[in-house]
Amino acid sequence: MEATLFEKIINREIPADILYEDELSIVIKDISPQAPTHLLIIPKKVIPKLSDATGEDQNILGHLMLVAGKIAEQLELDETFRLVVNNGAKAGQSVFHLHLHLLSGRSLNWPPG
Ligand code: AMP
């Protein structure tokens, strides 16, 4: 099976602005930012979408959330940010390798579009 876009970034086959990396995850800047800060928190394991995750992935999923909080703290986002997971094409998912969007730096309306 062909590597996902994010696997290619993890494997340094295509460039990206990488802010953080550890054994389970990588954090990059979104190429098409929807807010002044728009990051993608990506597990190294390919899980196509959140609804494909199983109990085996519990540690990875928790890890992604903790990384999000840590990065937000490092970037001094003033404890004001939003995490988004688009699950499935109809929900706006375009890259089928699970990722959290971290958005900050502008007012974030509710309900989201
Ligand atoms: P989603 O639509 O939820 O699957 O999110 C995929 C995100 O990946 C979008 O916000 C895109 O702007 C972003 N994206 C696509 N290609 C790249 C890339 N080469 N580097 C960084 N972000 C990307």
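The numbers attached to residues start from 1 for each chain and follow its sequence in the written order. Residues qualify for local features only when their pLDDT is at least 70, as the model is predicted, and side-chain atom pairs are given and counted only at 80 or more; totals for whole chains, interfaces and linings, by contrast, use all residues. No hydrogens and no water enter the side-chain calculation; it runs on all heavy atoms of the structure.

Draft legend 1. Here's a closer look at the side chain of His99. Mapped onto the elements, His99 comes out in the loop between strand 4 (82–84) and strand 5 (100–104). Identification of polar contacts relies on pairs of N or O atoms within 3.5 Å, with a donor-acceptor requirement for protein atoms, meaning one able to donate a hydrogen and the other able to accept it, and with residues adjacent in sequence counted only if both atoms are side-chain atoms. One polar contact links the side chain of His99 to the main-chain carbonyl oxygen of His97, over a distance of 2.7 Å. Pairs of residues are marked as contacts when any of their non-hydrogen atoms sit within 4.5 Å. If near-sequence neighbours (up to four positions away) are discounted, His99 is found in contact with Phe6, Leu40, Ile41, Ile42, Val84 and Val85. Under the DSSP-based scheme used, a helix requires at least four consecutive residues in state H or I and a strand at least two consecutive residues in state E, with every element numbered from the N terminus.

Draft legend 2. Expanded view of the site of the ligand. Not every one of the 16 residues close to the ligand is listed here, only the nearest: Asp30, Asn86, Gly92, Ser94 and His101. Here an oxygen atom of the ligand and a side-chain polar atom of Asp30 are 2.5 Å apart. In the model, a nitrogen atom of the ligand is placed 3.2 Å from a nitrogen or oxygen of the Ile31 main chain. Only the protein chains shown count as cover for residues, and all accessible areas are computed by the Shrake-Rupley method using a 1.4 Å probe. For the ligand, whose accessible area on its own is 510 Å², the fraction buried by protein is 83%. Put simply, the parts of the chain that give the shell around the ligand at least two residues each are helix 1 (5–10) and strand 2 (25–29). Here the shell around the ligand gets three residues from one element, more than from any other, and that element is helix 1. When grouped by side-chain class, the residues that make up the shell around the ligand number seven nonpolar, seven polar and two charged. Proximity is defined per residue: any heavy atom of the residue falling within 4 Å of a molecule or strand makes that residue near it. Three classes are used: nonpolar for Ala, Val, Leu, Ile, Met, Phe, Trp, Tyr, Cys and Pro, charged for Asp, Glu, Lys and Arg, and polar for all others, with Gly counted as polar.

Draft legend 3. How the structure looks around the nonpolar core. Among the nonpolar cores identified, the biggest contains 15 residues, and Val27, Ile41, Leu64, Val67, Ile71 and Leu102 are the most heavily contacted of them. For this core, the elements supplying multiple residues, two or more each, are strand 3 (37–43), helix 2 (58–74) and strand 5. With residues near it in sequence (within four places) discarded, Leu102 still touches Thr37, His38, Leu39, Ile41, Ala68, Ala72, Leu77, Phe81, Arg82 and Leu83. Here the nonpolar core consists of buried residues drawn from Ala, Val, Leu, Ile, Met, Phe, Trp, Tyr and Cys, with membership extended through side-chain atoms lying within 4.5 Å. Burial classification: accessible surface area is computed with a 1.4 Å probe over protein chains only, and a residue below 20% of its type maximum counts as buried, one above 50% as exposed, and the rest as partly exposed. The next biggest cluster of nonpolar side chains, apart from the first, holds eight residues, and it includes Ile28, Leu40, Ile42 and Val95.

Draft legend 4. Expanded view of the sheet that holds strand 5. Strand pairing is assigned whenever DSSP detects at least two bridges linking the two strands. On the basis of which strands lie adjacent, the open sheet formed by five strands has the order 1-2-3-5-4 and antiparallel pairing. Looking at strand neighbours, the two that pair on one side only are strand 1 (18–21) and strand 4, the edges of this open sheet. Averaged over all neighbouring strand pairs, the angle between strand axes comes to 20°, with direction disregarded. Here strand 4 pairs with strand 5 via three bridges, running antiparallel. Residue pairing in the sheet places Leu83 in a bridge with Leu102 of strand 5. Helix 2 rests against strand 1, strand 2, strand 3, strand 4 and strand 5 of the sheet, and its axis sits at about 150° to strand 3. To define axes, lines are fitted to C-alpha atoms, for helices over the stretch in contact only, and angles between the resulting N-to-C directions are given on a 0 to 180 degree scale.

Draft legend 5. Representation of the side chain of Ser104. The residue Ser104 is located in strand 5 in this model. Among the residues examined, Ser104 registers a relative accessible area of 4% and is labelled buried. Within the local environment of Ser104, its side chain forms a polar contact with the backbone oxygen of Thr80, the two atoms lying 2.6 Å apart. Those residues in contact with Ser104 that lie beyond four places of it in its chain are Ala35, Pro36, Thr37, Leu77, Thr80 and Phe81.

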